Amino acid sequence: MVSRVIPVEPFDLVIFGGTGDLARRKILPGLFRRFCAGQMPPEARIIGAARADMDGAAYREMVAGAMEEFGGGFTCEDKTLRAFLDRLDYLAIDARGDKGWAELQEKMKGKDRIEAYYFSVSPALFGDLAERLQKWGMADKDARIVVEKPFGRDLDTAKKLNGTLAAYFNEDQIYRIDHYLGKETVQNLMAVRFGNMLFEPLWNAQYVDHIQITVAETVGVGGRGEYYDKSGAMRDMVQNHLMQLLCLIAMEPPARFDPDAVRDEKLKVIRALDPVEPHHIVRGQYQAVPMDEADHPGYRTAVGDARSRTESFMALKVHLSNWRWAGTPFYLRTGKRMSARSSEITVVFKDTPHSIFGEEAGRHRNVLSIRLQPNEGITLGVTIKEPGPGGMRLIDVPLDMTFAEALAGEAGEQVDAYERLIMDVIRGNQTLFMRGDEVEAAWTWTDPIIQGWEARNDVPKPYDSGSDGPTDSDELLRREGRAWRGVAP
Ligand code: BG6
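Within any chain, residue numbers begin from 1 and follow the written order of that chain's sequence. Where local features are concerned, this predicted model is filtered to residues with pLDDT of at least 70; where side-chain atom pairs are given and counted, the filter is 80 or more; whole-chain, interface and lining totals use all residues. Neither water nor hydrogens contribute to the side-chain values; these are computed over all heavy atoms in the structure.

A. Here's a closer look at the packing of helix α8 (residues 225–250) against helix α9 (residues 259–272). To get an axis, fit a line to the C-alpha atoms, keeping to the stretch in contact for a helix; angles then go from 0 to 180 degrees between the N-to-C directions. Helical segments are the DSSP runs of H or I of at least four residues, strand segments are the runs of E of at least two, and each set is numbered from the N terminus. At a closest axis distance of 9 Å, the pairing of α8 and α9 adopts a crossing angle of 110°. Relative to α9, the element α8 lies roughly perpendicular. In this structure, α8 contributes Met243, Gln244, Leu246, Cys247, Leu248 and Ala250 to the contact, and α9 contributes Lys266, Val269 and Ile270. Residue classes in the contact of α8 with α9 are distributed as 7 nonpolar, 1 polar and 1 charged. Our angle categories are set so that under 35 degrees counts as roughly parallel, over 145 as roughly antiparallel, 65 to 115 as roughly perpendicular, and the remainder as oblique. Should any heavy atoms of two residues lie within 4.5 Å, those residues are considered in contact. Amino acid classes used here: Ala, Val, Leu, Ile, Met, Phe, Trp, Tyr, Cys and Pro are nonpolar; Asp, Glu, Lys and Arg are charged; the rest, including Gly, are polar.

B. Structural context of the packing of aromatic side chains. Geometry of aromatic contacts follows a simple scheme: Phe, Tyr and Trp rings, the Trp one being its six-membered ring, pair when their centres are within 6.5 Å, and the pair is stacked under 30 degrees between planes, edge-to-face over 60, tilted otherwise. Under the definition given, this model contains 15 aromatic pairs. Measuring from ring centre to ring centre gives 5.2 Å for Phe32 and Phe84, while their planes differ by 50°; the resulting arrangement is tilted. You can see Phe32 sitting in helix α1 (residues 21–36) and its partner Phe84 sitting in helix α3 (residues 78–86), a full 52 residues away along the chain. According to the relative accessible area criterion, Phe32 is buried, its value standing at 5%. Residue Phe84 is classed as buried on the basis of its relative accessible area of 0%. Note on exposure labels: buried denotes an accessible area under 20% of the residue type's maximum, exposed denotes more than 50%, and partly exposed covers the range between, all computed with a 1.4 Å probe on protein chains only.

C. Quick look at the nonpolar core. Only buried Ala, Val, Leu, Ile, Met, Phe, Trp, Tyr and Cys residues count toward a nonpolar core, and they belong to the same one when joined by side-chain atoms within 4.5 Å. Judged by nonpolar contacts, the single largest core of 108 residues is most densely connected at Leu31, Phe84, Ile249, Leu316 and Trp445. In terms of residue count, α8 provides more of this core than any other element does, 13 residues in total. In this structure, Leu31 is in contact with Phe11, Leu13, Ile15, Met40, Ile46, Phe84, Ile422 and Met423, ignoring residues within four places of it in sequence. If you look at the next biggest cluster of nonpolar residues, it comprises 32 residues, including Phe16, Ala49, Phe126 and Leu155.

D. Quick look at the site of the ligand. One heavy atom within 4 Å of a molecule or strand makes the whole residue count as near it. The local shell around the ligand consists of Lys149, His179, Tyr180, Lys183, Glu217, Arg224, Asp236, Met237, His241, Lys336, Arg341 and Gln373. Polar contacts, as used here, are pairs of N or O atoms within 3.5 Å; protein pairs need one atom able to donate a hydrogen and one able to accept it. Residues neighboring in sequence count only if both atoms are side-chain atoms. A distance of 2.5 Å separates an oxygen atom of the ligand from a polar atom in the side chain of Glu217. Contact between the ligand and Lys336: an oxygen atom at 2.8 Å from a side-chain N or O atom of the residue. Method for areas: the Shrake-Rupley scheme with a 1.4 Å probe, in which residue coverage is limited to the protein chains shown. Contact with the protein chains removes 80% of the 400 Å² of surface that the ligand exposes when unbound. Sorting elements by how many residues they give to the shell around the ligand places α8 first, with 3 residues. Looking at the shell around the ligand residue by residue, the classes come out as 2 nonpolar, 3 polar and 7 charged.

E. Just the pattern of salt bridges, in detail. The term salt bridge refers to a side-chain nitrogen of Lys or Arg lying within 4 Å of a carboxyl oxygen of Asp or Glu. Scanning the model with the defined rule gives 42 salt bridges in all. Its salt-bridge partner being Glu419, residue Arg34 comes within 2.9 Å of it at the nearest N-O pair. Here Glu419 lies in helix α12 (residues 417–427) and Arg34 lies in helix α1, a separation of 385 residues in the sequence. In terms of burial, Arg34 and Glu419 fall into one category: buried. With a shortest N-O distance of 3.6 Å, Arg393 and Glu386 are connected by a salt bridge. What makes Glu386 partly exposed here is its relative accessible area of 28%. If you follow the salt bridges from partner to partner, you end up with Asp209, Lys317, Asp351, Arg365, Glu480 and Arg482 in one network.

F. Highlighting helix α4 (residues 101–108). When α4 is considered as a whole, its buried residues turn out to be Trp101, Leu104 and Met108. Take α4 and look down its axis: the buried residues cluster within an arc of 60°, on one side only. Where α4 is buried, its residues meet β1 (11–16), β2 (45–50), β3 (88–92), β4 (114–119) and α5 (126–135). Immediately beyond the C-terminal end of α4, within one or two residues, lies Gly110, with a positive phi of roughly 65°. Within this analysis, the arc is defined by the directions that extend from the helix axis to the C-beta atoms.

G. Just the side chain of Arg333, in detail. Mapped onto the secondary structure, Arg333 falls in strand β10 (residues 330–335). The buried charged residue Arg333 lacks any salt bridge partner; its closest oppositely charged side chain belongs to Asp468, at an N-O distance of 5.1 Å. Within the structure, Arg333 has its side chain in polar contact with the backbone oxygen of Arg485 (distance 2.9 Å). Excluding anything up to four places from it in sequence, Arg333 contacts Ile213, Thr214, Val215, Leu242, Phe313, Met314, Ala315, Asp468, Ser473, Trp484, Arg485 and Val487. In this tally Asp and Glu are treated as negative and Lys and Arg as positive; neither His nor the chain ends contributes.

H. Expanded view of unusual backbone geometry. Following Lys149, the chain continues into Pro150 via a peptide bond in cis, with omega recorded as 5°. Mapping Pro150 onto the fold places it in the loop between β5 (144–147) and α6 (155–166). For the bond running from Gln373 to Pro374, omega is -10°, close enough to zero to count as cis. Turning to its location among the elements, Pro374 is positioned in the loop between β12 (367–373) and β13 (377–385). At Arg337, a position not held by glycine, the phi torsion is positive, near 55°. One can find Arg337 in the loop between β10 and β11 (342–349).

Structure, rendered in structure tokens:
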């Protein structure tokens, strides 16, 4: 299959926080890959803007280093790297003062091209940046701004942030990133659901016993302890990434694949979420295992607070009060320092109503697994007869479609979530970005859960690094005759 890379329109992308971690790890390597793929037009310009005093040459050198460190072995001809670096410029700028703004205005002046401003900075600076963009005449109605999570830490702060941005930009100019929406398999979720006749008629409480969403990581909090300890798994992962997955798996078919049609349906899912009962919530915190403590310190050591009550693991049972899903539980779980890196959504269908093969043949269920990472793909467990003589014994076998194998040679290049999302910003397509009301609805559901455990002075249950979380998480399903699908790939 010929790769269908369509170049985007010429653009100027200003990255505030252009020397920061996210810019070096994700944004710039992502842009470089798009440049190599021929999607970034040669006239495009990327302007890094940050506090540090340096010139364009020093910035280009820094970016070249970032490509090597975070490019994941991706290479492209040397002359292409040089051509990419030629597209880069840098400005020392003060988000809260006047320094650098006149120069930026000068650079952006009079060009007939798409303008995008990426706020890869602390949310505390979003308002300052938006205000200065307007003051210096760069907030015209075609400009786009890209903002990163965390988008608030509760409903109140999210509303304030939305209000601040709305003072300078219209909603159709604001691109709130949740990088999970840029993952290939997450989009495939929509293709599988709405591109096939097979699944949708069964996609409801009548046929589905329950749905599991697991996002397990092997990494700990690493160098992000200060941020993470103020957030925890609920704010860092559940309120956004897991919520988005839940929306896509549970939403009604939108009439069209366009930004508002899709986001309207997602919003309805969030609004249909029931409050969560305290006994349907499990919070955990990883601890070091003896002998491994030097390499992998426990959570409290990692964040430097021996009494921290922040969770690095969450498991929840949630319900949606709507016609499609009433009575079907959704189990969500996410954690750091778990046994394997694995993100998977599992749809467990109900038992057949009657077994014609007799009880000894056993009862079997169809299970649809959608693997987001690693080893992206879809597996459908079907029941067949165990081969050979000896009567009718049933076994479950997987109908497996690992994308890398199924599409070998045809899959085109692997596109990282950030690459896809940045190109969508340039194309002006907001489908894979969160709308302001979605974010607020997610906090409306999340806030009482957090307030509940704060009022109870809840202490997260310890779990061993390298395990699958506290035993209470298994218990959450076991008491209902269910079990988590294994994390190990
Ligand atoms: C980020 C969280 O949004 O997502 C991190 O802040 C987490 O804590 C990361 O590690 C996970 O992303 P991915 O793409 O590696 O699954």
